[in-house]
Each structure stands twice: as structure tokens, then as C-alpha cells.
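Fold and contact review
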Amino acid sequence: MKIIFMGTPEFAAVSLQRLIDEKYEIAAVFTQPDKPVGRHQTLTPPAVKQVAQKYGIEVYQPKTLKDGEAQRIIEQLCPDIIVVVAYGKILPPGILYAPKLGCVNVHASLLPKYRGAGPIQWSIINGEKTTGVTTMFMAEGLDTGDMILKSETAIGPDETAGELHDRLAAIGADTLVKTLRLFEIHGAAVPRQKQD
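These remarks concern the structure in this document.

Cut-offs used in this document
Residues numbered from 1 in each chain as written. Predicted model: local features only at pLDDT ≥ 70, side-chain atom pairs only at ≥ 80, totals over all residues. Heavy atoms only, no water. Pairing = 2+ DSSP bridges. Helix = DSSP H or I, 4+ residues; strand = E, 2+ residues; numbered from the N terminus. Contact = heavy atoms within 4.5 Å. Axes fitted to C-alpha atoms, helices over the stretch in contact; angles between N-to-C directions. Buried < 20%, exposed > 50% of the residue type's maximum accessible area, 1.4 Å probe, protein only. Salt bridge = Lys/Arg side-chain N within 4 Å of Asp/Glu carboxyl O.

If you trace the seven strands from one edge of the open sheet to the other, you get β5-β2-β1-β6-β7-β8-β9, paired in mixed fashion. The open sheet terminates on both sides in strands that have one partner only, identified here as β5 (59-60) and β9 (147-154). Two elements, strand β6 (residues 81-85) and strand β7 (residues 103-107), share four bridges in a ladder whose sense is parallel. By the bridge assignment for β7, V85 is matched with V106. With respect to the sheet, helix α6 (residues 161-186) is in contact with β1 (2-7), β6, β7, β8 (130-137) and β9, its orientation differing from that of β9 by roughly 150°.

This part is about helix α2 (residues 47-54). Structurally, the α-helix is built with 3.6 residues per turn, so residues lying three or four positions apart point the same way. Here α2 has its buried residues at A47, V48, K49, V51 and A52. Buried residues in α2 make contact with β1, α1 (10-21), β2 (25-30) and β5. With its phi angle positive at about 70°, G56 sits one or two positions after the end of α2.

This structure, assessed with the given rule, holds 10 salt bridges. Residue R181 is joined to E22 by a salt bridge in which the shortest nitrogen-to-oxygen separation is 3.1 Å. Highlighted residues: R181 in helix α6 and E22 in the loop between α1 and β2, separated in sequence by 159 residues. The shortest N-O distance in the salt bridge between E159 and R167 comes to 2.7 Å.

Among the eight residues in β8, seven count as buried, and that is most of the element. Across four bridges, β7 lies against β8 in antiparallel orientation. Of the residues in β8, the one forming a bridge with V106 is T135.

Keep in mind that these numbers describe shape and distance, not what the molecule does.
Okay, here's the thing in C-alpha cells:
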């Protein structure tokens with residue numbers, strides 16, 4: 001299975017590392033452009049780029065996905081599937097429908113709760129007792145696609161957003177691997193559940 005991975009921060013880097021460890025074929029990585037960080041504004045590559053470079057995986061950092069260039073690159077690479085984890089850009093329809101098996105997203109909540117940005121922080125702020133990770137087919141809405149797998153976990157009474165982030169990153173990577181195994185068995189007919 002040929003995969004294009006799209007992601008940016010440490011949360012996504014954990015999933016990319018897991019796919020590499022599991023010997024999946026990563027054709028390319030798309031991530032956000034390097035950004036100035038810290039007091040001295042040192043230009044720093046995103047965590048996902050750092051992992052990809054360590055393994056010699058081709059990295060693309062388009063400023064926009066709207067000009068057709070990224071879509072052209074993706075179509076040339078002919079991926080079976082695109083995996084998206086905390087990429088930070090909305091995929092246009094041309095990219096969403098480019099891979100044979102579609103685009104799959106790893107989202108850090110039990111959908112349909114906490115769609116969009118900040119699901120980890122909102123689950124803590126709202127005093128949730130449980131949260132988790134959902135893998136889903138990507139659709140043109142924001143986190144509205146059909147769900148594939150969910151992994152639930154309790155939130156500790158004193159657990160911080162940072163601690164929960166790290167746990168969910170690992171749970172997300174596990175759930176992603178289980179999801180890709182379903183694609184290996186079922187192809188595009190992976191069991192799915194519509195969001196309410």
C-alpha cells in the first residue's frame with residue numbers, strides 16, 4: 001500500500017514514525033513550511049519533516065494547496081491512500097479524491113464530539129471523563145466524514161492537556177495502524193459509520 005502522509009506537529013510525527021516502524025511504504029510527506037521559533041526566531045522544520053528526513057522520505061512543504069501544484073505532485077505519485085494527521089490545511093476536492101482508497105484522518109476526539117481545532121484542550125476544559133481518537137474518511141466538511149475506528153481512554157482527574165496529548169498521539173498511531181490493516185483486508189469497502 002503506497003501512502004502519502006500529511007501532517008505537521010509532534011502529534012502527527014508519532015503516527016508517521018509508527019508507519020515507518022511498521023514498514024509501510026511512505027511515498028512522500030506533506031507538511032507546513034518551516035517557521036521561525038523562539039526568542040531568536042530560528043527557522044525550524046516541523047516535527048513531521050524531521051522524522052521524514054531522518055528516513056530519507058521526500059518532503060513537500062507547499063504554502064497553499066489551492067494552486068493545483070500539490071494536486072499535480074500527488075497525482076504523479078499515485079498513492080493508494082493519503083493519511084492526514086494534524087496537517088493544518090483543508091484539502092481541496094481534487095486532493096481528497098486523488099487516491100484510490102481515499103483520504104483518512106486521525107482526529108483526537110470521539111467524533112462527532114469536538115470537531116475542528118483544539119479537541120484535546122476542549123475535552124479538559126469541559127471536564128470530560130473520557131476522550132479518545134477517531135479515524136475517518138475525509139469529506140469536504142470539517143471533520144464530518146464517515147468514521148472507521150474509535151479508541152477510547154479515560155482522562156485522569158489531574159491530567160494536563162500536554163499529558164493527554166502525548167497519550168492520544170500514541171493511541172492515534174495504534175488506531176491508524178489498525179485502520180490501515182482494515183484497508184488491506186477490505187480495500188475501499190472498509191466498514192464505516194456515518195456521523196450523527
